[in-house]
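Tertiary structure, described
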Amino acid sequence: MSKLRLPINCRSLELELQEALKADELYRLQNDAKLRAVEQNVSTYEDFRQMVNAAHLKPMEHADLKPVPKRPWNPIADMDNSNMVMLLDKINEKESEDCLKVSTKEDNTFQGKIPTTYQEFVQTWKMIRECEEKFHYIKILRYILREKIFRAEIPSSLLVELIDICFQNVSIIDHIEPIIEILRILSKCNRFCLAVSFMKENEREICRQLFRELLINVDHQNEISKDTIKALALSYKVRFE
């Protein structure tokens, strides 16, 4: 059959025409760009080449700009997890300082000063005699332990003391959640793993007993707290049989 008798593919012809028109338009734009480059006396060939290659590009119209979404009434809802954690740490630190300020008015042990360094913390820590008062002290300061008190490291000897204080207060139901939070914060301190590795066997046993008591005393319905305790136990090298 002769090619002249084949049916004409109008769609194909239309596409070829569109491509030819696009090529012609691109040639015209690039040629105009070359003339502008010569008129502007561009300094380098690279500048000349970039003007020609970008000849087909159009400046953005106002309608092309993506509208800025309205900020939610609650800015926290628009933050990612890392920013959320940082914000909560700031809030918790502020609450810790406020609580300690109240305590200083009622108890001369704190000497009216919030410790911001390890040395200041230890100085007050050694002056406190009662176990319950020591627990009260670290409970109030728990949100600044990592960033201020133990910024450089947490010594093994002091870590053992803090664990022992928590153990002596674990039987009080209201102290369960603060103890879990204190243990979690301590586990994030610098050189925590090194401090745990230096613990003696009798000190490790106190740590094991603390975590056993936490699991026993925590609300039986609170599976989240139980999972948190078990995860923390691994950080403290405690394994349940």
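For the structure, see preceding data.
Read on for an overview of the structure. Quick caveat: nothing in here was measured; it's all calculated off a predicted structure. (Residues numbered from 1 in each chain as written. Predicted model: local features only at pLDDT ≥ 70, side-chain atom pairs only at ≥ 80, totals over all residues. Heavy atoms only, no water.)

**Brief notes about helix H7 (residues 156-168)**
Residues lying three or four places apart along an α-helix face the same way, a consequence of the helix completing one turn every 3.6 residues. The condition that has to hold: Comment: elements are numbered from the N terminus, with helices defined as DSSP H or I runs of at least four residues and strands as E runs of at least two. To estimate how far a helix should extend, the number of its residues minus one is multiplied by 1.5 Å. Burial classes: relative accessible area under 20% of the type maximum marks a residue as buried, over 50% as exposed, and values in between as partly exposed (1.4 Å probe, protein chains only). Residues are treated as being in contact if the distance between any of their heavy atoms lies within 4.5 Å.
Spanning 13 residues, H7 covers 19 Å between terminal C-alpha atoms, matching the ideal 18 Å at 1.5 Å per step. All buried positions along H7 are accounted for by Ser 156, Leu 158, Leu 159, Val 160, Leu 162, Ile 163, Ile 165 and Cys 166. The elements touched by buried residues of H7 are helix H4 (118-127), helix H5 (131-141), helix H8 (176-187), helix H9 (192-197) and helix H10 (201-217).

**Considerations on the side chain of Ser 156**
Just so we agree on the cut-off: Pairing of N or O atoms within 3.5 Å defines a polar contact, subject to two protein rules: one partner must be a possible hydrogen donor and the other a possible acceptor, and residues neighboring in sequence count only if both atoms are side-chain atoms.
Topologically, Ser 156 is positioned in helix H7. For Ser 156, a relative accessible area of 17% gives the class buried. In terms of polar contacts, Ser 156 uses its side chain to reach the backbone carbonyl oxygen of Ala 195, at 2.9 Å. Not counting the four nearest positions on each side in its chain, Ser 156 is found in contact with Ala 195, Phe 198 and Met 199.

**What about unusual backbone geometry?**
With a phi angle near 60°, Arg 191 is a residue other than glycine that sits in the positive phi range. Within the element layout of this structure, Arg 191 appears in the loop between H8 and H9. Positive phi, normally seen in glycine, also occurs at Lys 237, with a value near 60°. With respect to the helices and strands, Lys 237 occurs in the segment after helix H11 (223-235).

**Remarks on the state of the cysteines**
In protein chemistry, a disulfide is the covalent bond that joins the sulfur atoms of two cysteines. Applicable threshold: Sulfur atoms of two cysteines make up a disulfide when they are within 2.5 Å.
Counted under the stated rule, the structure contains zero disulfides. No disulfide involves Cys 166; its nearest neighbouring cysteine sulfur is the one of Cys 131, lying 9.1 Å away. On the accessibility criterion, Cys 166 (0% relative accessible area) is buried.

**Observations concerning the packing of aromatic side chains**
For clarity, the cut-off: Aromatic rings from Phe, Tyr and Trp, taking only the six-membered ring of Trp, are treated as a pair when their centres fall within 6.5 Å; an angle between ring planes under 30 degrees marks them as stacked, one over 60 as edge-to-face, and anything in between as tilted.
Under the definition given, this model contains seven aromatic pairs. Considering the side-chain rings of Tyr 118 and Phe 150, the 6.2 Å spacing of their centres and the 50° angle between planes classify their relative orientation as tilted. In this pair, Tyr 118 is assigned in helix H4 and Phe 150 in the loop between helix H6 (145-149) and H7, connecting sequence segments 32 residues apart. Residue Tyr 118 is classed as partly exposed on the basis of its relative accessible area, which comes to 28%. Here the aromatic rings of Phe 211 and Tyr 236 are separated by 5.4 Å at their centres, their planes lie at 55°, and the arrangement is tilted. Here the residue Phe 211 occupies a position in helix H10, and Tyr 236 occupies one in the segment after H11, the gap between them amounting to 25 residues. Tyr 236 matches Phe 211 in its accessibility class, with the two residues each being buried. Taken together, the ring pairs connect Tyr 118, Phe 121, Trp 125, Tyr 137 and Phe 150 into an aromatic cluster.

**Thoughts on the packing of H4 against H7**
Heads up, the rule is: Simply put, an axis is a line fit to the C-alpha atoms, just over the touching stretch for a helix, and the angle between two N-to-C directions goes from 0 to 180 degrees. Our angle categories are set so that under 35 degrees counts as roughly parallel, over 145 as roughly antiparallel, 65 to 115 as roughly perpendicular, and the remainder as oblique. Note on convention: near helix rotated counterclockwise from far helix by under a right angle means a left-handed crossing. Clockwise means right-handed. Any residue that is not Ala, Val, Leu, Ile, Met, Phe, Trp, Tyr, Cys, Pro, Asp, Glu, Lys or Arg is counted as polar, Gly included; the first ten are nonpolar and the last four charged.
The geometry of H4 relative to H7 is characterised by a closest axis approach of 13 Å and an angle of 50° between their N-to-C directions. In terms of orientation, H4 and H7 fall into the oblique class. In this structure, H4 meets H7 at a crossing whose hand is left-handed. Residues Tyr 118, Phe 121, Val 122 and Trp 125 of H4 touch H7, and the partners they reach there are Leu 158, Glu 161, Leu 162 and Ile 165. For the contact of H4 with H7, the per-class residue count stands at seven nonpolar, no polar and one charged.

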